[in-house]
Amino acid sequence: MPVMTEFYGKGMGLRLGRAIAGTVAVTVTLAVVGLGGAILAGPALIGGMATQTLRDAGFTGAAMTVTSLRIADGWRGLRLEFAVDSGPLEAAAPALDLPMSGRVTLSGALVVGMDGGAVTVVPAGCLPAKAERLTVAGQPLGLPQGATLCPVGEAVLVRWSPDAMTIMAELQAPRLEAPASGLRAEKVALRLEQDGDGRRADAVVGRLTNTAKPAPVVPLAVTVRAVQAGQGPWAIDGTAKGANGLLSLTLDGTYDQIAGTGTLQVAAKPFRLAPDGPGLAAVSPLAATFLEKASGTLSGKATVALTAKGVTTAGQAVVKGLAGAAGPVTVAGVSGSIAMSSLSPPVIPDGQKLTIGLLDVGIPLTDGTLLFGYGRDGRLDVDRAEWNWAGGLLRADPFALSPEKPKGRVTLHADGIDAAKLLDLIAVDGLAASGKLAGSLPVVFAGDKVTIDGGVLESAGPGTLRYDPDKPPPAMKGEEGSPTAMLMGALTDFHYDTLRITIDGQAGGELNAGFSLRGSNPSFYDGYPVALNLKLSGALDRILRQNLDVYRIPDTLRDRMTGFDQKDP
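Cut-offs applied
- Residues numbered from 1 in each chain as written.
- Predicted model: local features only at pLDDT ≥ 70, side-chain atom pairs only at ≥ 80, totals over all residues.
- Heavy atoms only, no water.
- Helix = DSSP H or I, 4+ residues; strand = E, 2+ residues; numbered from the N terminus.
- Buried < 20%, exposed > 50% of the residue type's maximum accessible area, 1.4 Å probe, protein only.
- Contact = heavy atoms within 4.5 Å.
- Areas by Shrake-Rupley, 256 points an atom, 1.4 Å probe, with all protein chains shown as cover.
- pLDDT = per-residue confidence, 0-100.
- Phe/Tyr/Trp six-rings, centres within 6.5 Å; stacked < 30°, edge-to-face > 60°.
- Disulfide = S-S within 2.5 Å.
- Arc of directions from axis to C-beta.
- Polar contact = N/O pair within 3.5 Å; in protein donor to acceptor, adjacent residues only side chain to side chain.
- Salt bridge = Lys/Arg side-chain N within 4 Å of Asp/Glu carboxyl O.
- Pairing = 2+ DSSP bridges.
- Core = buried A, V, L, I, M, F, W, Y, C linked by side-chain atoms within 4.5 Å.

Novice: Is there a simple way to explain the overall build of the chain in this structure?
Specialist: Check the secondary structure of the chain and you find 7 helices and 32 strands. By the burial criterion, 45% of the 569 residues in the chain qualify as buried. Taking the intrachain contacts of the chain between residues at least 6 apart in sequence as the baseline, contacts between residues at least 24 apart amount to 50%. As presented, the chain carries roughly 26900 Å² of accessible surface, and 55% of it is formed by carbon and sulfur atoms.

Novice: I tried to follow the confidence of the model for the chain on my own but got confused; where do I start?
Specialist: Averaged over every residue, the pLDDT of the chain is 82; the share at 70 or more is 85%. Per-residue pLDDT stays below 50 along residues 1-38; that stretch engages in 92 contacts with residues further than four places along the chain or on separate chains.

Novice: Teacher, can you tell me more about the packing of aromatic side chains here?
Specialist: When we look at a pair of aromatic rings, we describe it by the centre distance and by the angle of the planes. Scanning the entire structure with this criterion turns up 2 aromatic pairs. Look at phenylalanine 290 and tyrosine 374: their rings are 5.9 Å apart centre to centre, the planes differ by 70°, and that puts the pair in the edge-to-face class. Linking phenylalanine 290 in helix H4 (residues 285-290) with tyrosine 374 in strand E21 (residues 364-374), this pair joins segments that are 84 residues apart in sequence. We classify tyrosine 374 as buried; its relative accessible area is 12%.

Novice: Looking at this structure, I do not really get the state of the cysteines. What am I missing?
Specialist: The bond known as a disulfide is covalent and runs between the sulfur atoms of two cysteines. The final tally for this structure, using the stated rule, is 1 disulfide. Each sulfur of the disulfide joining cysteine 126 and cysteine 150 lies 2.0 Å from the other. Handedness of the cysteine 126-cysteine 150 disulfide follows from its S-S torsion of about 120°: it is right-handed. Residue cysteine 126 is found in the loop between strand E4 (118-123) and strand E5 (127-136), and its partner cysteine 150 is found in strand E7 (residues 147-150); the two are separated by 24 residues along the sequence. For cysteine 150, a relative accessible area of 2% corresponds to the buried category.

Novice: How should helix H3 (residues 89-96) be read in this particular structure?
Specialist: In an α-helix, one full turn covers 3.6 residues, which means residues spaced three or four apart are oriented alike. When we look at burial in H3, the residues that qualify are Leu89, Ala92, Ala93 and Leu96. Buried residues of H3 fall within an arc of 125° about the axis and therefore sit on the same side. Those residues of H3 that are exposed and angled more than 90 degrees off the buried face are Pro94 and Ala95. Directly beyond the C-terminal end of H3, a positive phi value near 55° is found at aspartate 97.

Novice: Would you mind going over the side chain of glutamine 194 with me for this structure?
Specialist: Summarising the element assignment, glutamine 194 is placed in strand E10 (residues 183-195). On the basis of relative accessibility, which here comes to 6%, the residue glutamine 194 falls in the buried class. For glutamine 194, the side chain forms a polar contact with the main-chain oxygen of glycine 196, separated by 3.3 Å.

Novice: In this structure, what is going on with the pattern of salt bridges? I would like to understand it.
Specialist: Pairing is possible between side chains of opposite charge, provided their charged atoms come close. Following the criterion strictly, the structure yields 14 salt bridges and no others. Taking the shortest distance from any N to any O, the salt bridge between glutamate 170 and arginine 191 comes out at 3.5 Å. Of this pair, glutamate 170 sits in strand E9 (residues 164-178) while arginine 191 sits in strand E10; the two residues are 21 residues apart in sequence, bridging distant segments of the chain. The exposure class of glutamate 170 is buried, given its relative accessible area of 16%. A salt bridge links arginine 466 to aspartate 493, with the nearest nitrogen and oxygen atoms 2.8 Å apart. Of the two residues, arginine 466 sits in strand E29 (residues 463-467) while aspartate 493 sits in the loop between helix H6 (483-491) and strand E30 (494-506), which places them 27 residues apart along the sequence. Members of the salt-bridge network, linked through shared partners, are Arg184, Glu186 and Arg207.

Novice: What exactly am I supposed to notice about the side chain of serine 459 here?
Specialist: Relative to the elements of secondary structure, serine 459 occurs in strand E28 (residues 449-459). Looking at serine 459, the relative accessible area reads 18%, which means it is buried.

Novice: Explain the pairing of strand E1 (residues 63-71) here, please?
Specialist: Pairing geometry for E1 and strand E2 (residues 78-85), over 8 bridges, is antiparallel. Within E2, the residue paired with serine 68 across the bridge is glutamate 81. The hairpin formed by E1 and E2 contains 6 residues between the paired strands, and glycine 74 there has a positive phi angle of roughly 75°.

Novice: Teacher, can you tell me more about the nonpolar core here?
Specialist: One broad rule of soluble globular proteins: the nonpolar side chains tend to lie buried together. Judged by nonpolar contacts, the single largest core of 133 residues is most densely connected at Trp389 and Leu412. The dominant element in this core, judged by the number of residues it contributes, is E9, at 6 residues.

Novice: Mind showing me how you'd approach the pairing of strand E11 (residues 198-210) here?
Specialist: Successive side chains on a regular strand alternate, one facing one side of the sheet and the next facing the other. As judged from the 12 bridges shared by E10 and E11, these two strands associate in the antiparallel manner. Opposite glutamine 194, over in E11, you have arginine 199 as the bridge partner. Note: E11 against strand E12 (residues 220-229), 9 bridges, orientation antiparallel. When the bridges of E12 are listed, aspartate 202 appears paired with arginine 225.

Novice: Where do I start with the environment of valine 156 in this structure?
Specialist: Here valine 156 shows up in the loop between E7 and strand E8 (158-161). For the pair valine 156 and valine 121, spaced 35 residues apart in the sequence, the C-alpha separation amounts to 6.0 Å. In contact with valine 156, not counting residues within four places along its chain, are Thr120, Val121, Val122 and Met168.

Novice: Would you mind going over unusual backbone geometry with me for this structure?
Specialist: Both trends apply: most residues other than glycine have a negative phi, and most peptide bonds are in trans. Across the junction of lysine 213 and proline 214, the peptide omega takes the value -5°, indicating a cis bond. Tracing the sequence through the fold places proline 214 in the loop between E11 and E12. The backbone of lysine 187 shows a phi angle near 55°, a positive value even though the residue is not glycine. The topology assignment puts lysine 187 in strand E10. One non-glycine residue with positive phi stands out, namely lysine 293, at about 50°.

Novice: Which parts of the structure should I look at to understand the environment of isoleucine 503?
Specialist: Summarising the element assignment, isoleucine 503 is placed in strand E30. Note on isoleucine 503: relative accessible area 13%, which makes it buried. Remark: the alpha-carbon pair of isoleucine 503 and phenylalanine 515, spanning 12 residues in sequence, is separated by 9.3 Å.

Novice: Looking at this structure, I do not really get the environment of leucine 322. What am I missing?
Specialist: Within the secondary structure layout, leucine 322 lies in strand E17 (residues 310-326). The buried category is assigned to leucine 322, whose relative accessible area is 10%. With 26 residues separating them along the chain, leucine 322 and glycine 296 place their C-alpha atoms 4.2 Å apart. If we ignore the near neighbours within four places in the chain, the residues touching leucine 322 are Leu291, Ala294, Ser295, Gly296, Leu298, Ala332, Gly333 and Val334.

If you want it as structure tokens, here you go:
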């Protein structure tokens, strides 16, 4: 949580600023009493007194060395060159009410002067700082390229008097790393201001990157402001932008420096992914691994909380009209609000609800409802999944799958399927049916393949099946009296007593379907009972346009039909 750790740093900076101010007050006093003596004996004396002041402030292992002391150009005061070592920061943590460890060093030159009865400290340029094994609130922080403490324009760094102190400085760091949080900040500038009991910090991060592979969010440019009155909590607000302006976030939060706790609310404005655009990869490379070719409107919010136990995260995502592909599965018209109990790693509690316009697993399912969760094990746990399909209802047994590499079996149960609407989905010229069907469709996921293994739909009662196209395909044409001609004659108005459909094969590829019918055609040989067994193969949406591989008509019926054909008209 880089923002809050910066505020920790500011608290330490204020206390260190008071210590430095006390030290320079000693310096000026020495200068006023005996400027010559101070210059001759001052470096060792000032360094010793400054060291003691820092230790009295809580930095019990601190040491300050003054290497040079002279009158500043223009008689503006005393110029001293120094190097200060904080010592082990963990020793200062109890006195400063700030959980930290490591070591910080600062060096450079300061000009100490008097202005209207107040001590002023102005750096001679920026002061280089280094940190070793720095941790704040249990979070390791790294400054691999160091940092600098710089004045803000012409303003003094510190102005101190017995009854007031002001501070204005800017801490600059080319790079700040928070490995425990998986964050890296580049081109960091933190401006610190104190005037009496009022404090303000303005932070600008040119590029904030999540180092996870793939990252949950693209790099962001961040601006944050924090204001504190007295010893009250910090009030935080800011913005973050990324993805060439597509992603726009607002920040709002509080931080209690005394309790060491705080929260930061992050809200993402709604943004739209175009159907022909880069999809979720434009905003979240991690999300893009779950859903490719995504389009639709998304928004959300997140909460980052700092407690005595560490950093926790939570959030909520809102999707509207989302479409895309998750491996072999295609979705469209997905809408809903999803709560997340953790953002890193992503965890979605059970019971989240989405409505789904289309789910295509080789069988197109529409108007669906999904109740689900997503665990730390990377598996999608579905408690309830049901869709309207062909006038009936299709529901799935509870199941768990990995979205990244789905593997397992999901059994779909069909009920109240309208045979007429089912054949409308297939759209074969001249093919029509009536009746209701029920059954099950076991769907097997194996990587990027989806297969239907032993799917069965059976009629709930009698119905009709008619196949009488205006232009029969070549495979359905035959000479009068041939098996094909007899089959076509039976199917022109077939009244079945039972109908059984079996489906096997790869969804979206080759499927094998079997039709078993028992019944009769009132106009076909006086309604003689017929048992038909048909096997078809091909892509699902074209399956009945393929050739009939096998069909069987009882030999007795064939003989009688042949005899009938040979009768005189």
